[in-house]
Amino acid sequence: MKAASIRSTAMYAYAVLLLAFILVPLLIIVPMSLTSGNSLAFPTPGYSTRWYQELLDDPRWFSSFINSVVVALAATFFSSLLGIPAAIGLVWGHFPGKRIVYAVVAAPLVAPVVIVGVAAFSFFAAAGMTGSLWALILTHTALAVPVMLTTVVASLQGFDRTLVRAAASLGAGTMRTFFKVILPLIAPGVVSGAIIAFIISFDEVVVASFLTTGEQRTLPRMIFSGVRESVSPAIASVAVLLVLFSALLLGVIAWLQGRAARMRAGAAS
Amino acid sequence: MSSDGARAGQRVRRQNLLMAAMVAPLVLFIVFIFLWPVARFLWLAVDNSDMTGNLSRTFAAIGEWRPADGPPPEPVLAALVEDLAEARANGRDGVLAQLVNQRLVGTRYLVIRTAKDASEGKFDMRPVSEVLLAAHPGWNDPALWSEIIRASGTVTDYYLLGSLDLQRSADGGIERVPADRAVFLDALLRTVWISIVVTVICAVLAIPLAQAIVSAPPSWSRLIFALVLFPLWTSLLVRTVIWIIVLQKNGPVNAALVFTGLVPEPLTLIYTRFSLYIAMVQVLLPLMVLSLVSVMRRVPTSYMKAALSLGAPWITAWRRVQLPLIMPGILAGAAIVFVFALGYYITPMLVGGPGDQMISSYIAFYTNTTLNWGLAAALSVQLLLILLLAALLFWTARALTRRRGALA
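Chemist: Mind showing me how you'd approach the overall build of chain B here?
Modeler: On a plain count of helices and strands, chain B comes out with 19 helices and two strands. Across its three principal axes, chain B shows a C-alpha extent of roughly 100 × 95 × 40 Å. When burial is assessed residue by residue, chain B has 48% of its 408 residues classed as buried. Look at the contacts in chain B between residues 6 or more apart in sequence, and 68% of them connect residues 24 or more apart. Of the roughly 19900 Å² of accessible surface on chain B, a fraction of 66% belongs to carbon and sulfur atoms.

Chemist: Whenever I open this one, the overall build of chain A confuses me. Can you help?
Modeler: Across its full length, chain A carries eleven helices and zero strands. Traced from its N-terminal end to its C-terminal end, chain A shows the element sequence α-α-α-α-α-α-α-α-α-α-α. What you see for chain A is a C-alpha radius of gyration of 23 Å, clearly larger than the 18 Å of a compact globule of 269 residues, by over 25%. Referenced to the eigenvectors of the C-alpha coordinate spread, the extents of chain A come out at roughly 70 × 70 × 30 Å. Here chain A holds 269 residues, and 51% of them are scored as buried. Considering only contacts within chain A whose residues lie at least 6 apart along the sequence, 69% involve residues at least 24 apart.

Chemist: I'm lost on the domain arrangement of chain B in this one. Help?
Modeler: According to the domain assignment, chain B contains domain 1 (49–153) and domain 2 (184–407). Look at where the C-alpha atoms of domain 1 of chain B and domain 2 of chain B centre, and you get two points 52 Å apart.

Chemist: Sorry, what's going on with the nonpolar core here?
Modeler: Grouped together as the largest cluster of nonpolar side chains are 209 residues, with contacts concentrated most on Ile223 of chain A together with Trp139, Trp145, Val198, Val228, Val289 and Ile363 of chain B. In contact with Trp139 of chain B, not counting residues within four places along its chain, are Pro72, Leu80, Leu84, Leu110, Val111, Thr114, Leu132, Leu133, Leu144, Trp145 and Ile148 of chain B.

Chemist: What am I meant to see in the interface of chain B and chain A here?
Modeler: Interface size, as often reported, equals the accessible area lost upon joining of the parts. With 74 residues of chain B at the contact, the number on the chain A side is 76 residues. Here chain B and chain A share an interface that buries about 6600 Å² over both sides, 85% of which is from carbon and sulfur atoms. At the surface where chain B touches chain A, the tally comes to zero salt bridges. Counting the contacts that link chain B with chain A gives six residue pairs in polar contact (both at pLDDT 80 or more). Considering every element that reaches the side of chain B that touches chain A, the biggest residue donor is helix 1 (residues 2–43) of chain B, with 21 residues. The residue makeup of the side of chain B that touches chain A, split by class, is 57 nonpolar, 15 polar and two charged.

Chemist: Help me understand helix 4 (residues 98–110) of chain A in this model?
Modeler: The periodicity of an α-helix, 3.6 residues per turn, causes residues three or four positions apart to be oriented the same way. With 13 residues, helix 4 of chain A should cover 18 Å at 1.5 Å per step; its first-to-last C-alpha distance of 19 Å lies within 8% of that length. Buried residues of helix 4 of chain A: Val101, Val104, Val105, Ala107 and Pro108 of chain A, and no others.

Chemist: I'm lost on the side chain of Asp165 of chain B in this one. Help?
Modeler: All names here are of chain B. Structurally, Asp165 can be placed in the loop between helix 9 (158–162) and strand 1 (166–168). At 5.9 Å, Arg176 is the nearest oppositely charged side chain to Asp165, a buried residue that forms no salt bridge. Only 2.9 Å separates the side chain of Asp165 from the backbone nitrogen of Leu185, close enough to count as a polar contact. Setting aside chain neighbours within four positions, we find Asp165 in contact with Glu175, Arg176, Val177, Arg181, Ala182, Val183, Phe184 and Leu185.

Chemist: Help me understand the packing of aromatic side chains in this model?
Modeler: Each pair of aromatic rings is reported with the distance of its centres and the angle of its planes. Scanning the entire structure with this criterion turns up 19 aromatic pairs over all chains. Considering the side-chain rings of Trp65 of chain B and Trp145 of chain B, the 5.7 Å spacing of their centres and the 80 degrees angle between planes classify their relative orientation as edge-to-face. A residue pair is termed long-range when its members are at least 10 positions apart, and Trp65 of chain B in the loop between helix 3 (56–62) and helix 4 (74–89) and Trp145 of chain B in helix 8 (residues 142–150) qualify at 80 residues. Judged by its relative accessible area of 10%, Trp65 of chain B is buried. Look at Phe365 of chain B and Tyr366 of chain B: their rings are 5.1 Å apart centre to centre, the planes differ by 85 degrees, and that puts the pair in the edge-to-face class. Residue Phe365 of chain B is classed as partly exposed on the basis of its relative accessible area of 38%. Among the aromatic residues, those joined into a cluster by ring pairs are Phe65, Phe198, Phe202 and Phe245 of chain A. Above the plane of the ring of Phe95 of chain A lies Lys98 of chain A, whose end atom (NZ or CZ) is 5.7 Å from the centre. The lysine or arginine in question, Arg103 of chain B, covers the ring of Tyr158 of chain B, its NZ or CZ lying 4.2 Å from the ring centre.

Chemist: Would you explain helix 18 (residues 359–368) of chain B in this entry?
Modeler: Most of helix 18 of chain B sits inside the fold, with eight of its ten residues counted as buried. Looking at helix 18 of chain B, one finds that the buried residues are Ile359, Ser360, Ser361, Tyr362, Ile363, Ala364, Tyr366 and Thr367 of chain B.

Quick notes on the rules
Residues numbered from 1 in each chain as written. Chains lettered and ligands numbered in written order. Predicted model: local features only at pLDDT ≥ 70, side-chain atom pairs only at ≥ 80, totals over all residues. Heavy atoms only, no water. Helix = DSSP H or I, 4+ residues; strand = E, 2+ residues; numbered from the N terminus. Buried < 20%, exposed > 50% of the residue type's maximum accessible area, 1.4 Å probe, protein only. Contact = heavy atoms within 4.5 Å. Areas by Shrake-Rupley, 256 points an atom, 1.4 Å probe, with all protein chains shown as cover. Rg over C-alpha atoms; globule rule 2.2 N^0.38 Å. Domains from an automatic or database assignment. Core = buried A, V, L, I, M, F, W, Y, C linked by side-chain atoms within 4.5 Å. Buried area = accessible area lost by both parts, 1.4 Å probe. Salt bridge = Lys/Arg side-chain N within 4 Å of Asp/Glu carboxyl O. Polar contact = N/O pair within 3.5 Å; in protein donor to acceptor, adjacent residues only side chain to side chain. Nonpolar A, V, L, I, M, F, W, Y, C, P; charged D, E, K, R; others polar. Expected span 1.5 Å × (residues − 1). Lys, Arg positive; Asp, Glu negative; His and termini not counted. Phe/Tyr/Trp six-rings, centres within 6.5 Å; stacked < 30°, edge-to-face > 60°. Lys NZ or Arg CZ within 6 Å of the ring centre and 35° of its normal.

Here it is in structure tokens:
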């Protein structure tokens, strides 16, 4: 029994070490980004928020942030528009070729992103669409929609279809049934899927580096080109803000899932 | 009764049609915005239409003539002048010059200048041979004409062979390119090797961690799991940039090493194979843990307990009982990590050195810098084939372990 307890202590010690490897880098840049010096160094010579101020003052950082938000919101909107009806059709419909549909939709998930970027660049350049954000929005929609589809499919799996029949027998039309009955019930899954879709687009850099230049630059694109010159404390500050932003969105998802679980538990009792 | 049944059947059919119609826009979208552009790009690996389209008269005039028969005859050169003048008028002379230059380095300006002169009517007199060859003696080179003749098909294997460091020899056979130009096989092997190393490290590190998550009390288990998965929510770029900051000369790792006296002065940790492995493992480890935990949660603890109570040493019990049971999880995780690693671009680019670049970097390079679409497409075909092969291998391995599990 003694050997077993040593083993489990060792196992937890190991888990803590590995967690440190995974998480400490994300934390250690917080004090580093608050440096008062001109370059990134550890330990920091002194603390100040000057590099965060610099982000606010430089219009390029702000405009790239706006571009990223616009692209991510649009990609999220289009992947919801395409993904939600498709998920309903796939879960409730009986028709041949469903496996092919899943395979086609999963393709953007597994394709190497450089190939996606180069192919999109060549395609949208030929279509004369590289001067706007549309090319990026459409490609990001393709990258985000598989995740949107899977989360909505998962939330439909536990859906009681008699509710739809009940709504129809009470005289509700298709649209009304969708917005008043189906959507509220699958809302946690839809919102989680939408947040993940947003993150996928918001963080994506490779396709953005092929499809955007100059004024259409997104935030990751700005970081990418900045890093290739030199890693300034401004970049560390952006990194900190992005990590915090991810933590916030993850918190929202965790809260939504907890709520959905409580709702299910409430319905069961 | 039967008409009721027919009506119900009709309703079900209409319902299913509606459901299929709701799926259709998504499928069409993916096909047109994703699959079609990728297919169109991959086709460039064998496409030769820029060559045949812009030199159609020349190819027709060449017919059975070969450079070995003597200097290029008058009709060939006359056709060439016409083709080049037209290419320039259509703005295709730059593309054509690039294509010819790819096959015989140093011919770019020959093509561009000849096209310019041709479009200005400098070769309008007959016989054109004398004027043309006097002005641009480069067209007397038999090697150039051999390359042009070899590039006359509607499709070409030039780029696919090139992506494997191969080329056509003068007699049409396949040979290795000179050693100074052979870079792609190395890049291919390096890509596969880096991916294997990262996958193995991830598996070795993740197994005990996943075991700890599964055997911890529920609240701890949830906390550790959430912390392990948290990096998946932060961007790959941000995590890569963080490693540059952490591993740089005056970064925290070097500060700690110097402070503790382990090293006398800061080490070069960043822009090396070592930093590439560190960054890739940190980024991909959560995926491995994720698939391991999902399999381990389904393995009952009673098997290990039974083996231990029968007197097996812990390590033997783990290797003979637990390991085969969690093998599907290891294989699934390894498949995900390996396939993702193969396509890595951002991380090698930013934290690796010049000798650590993977195939994706070459694809981006040939697209961005030299506009060699054919080679970029050929390398993409190569990368996709490796992905497919890896997927097949993992799928077979999984089927085999399943069957062994069923027999046992």
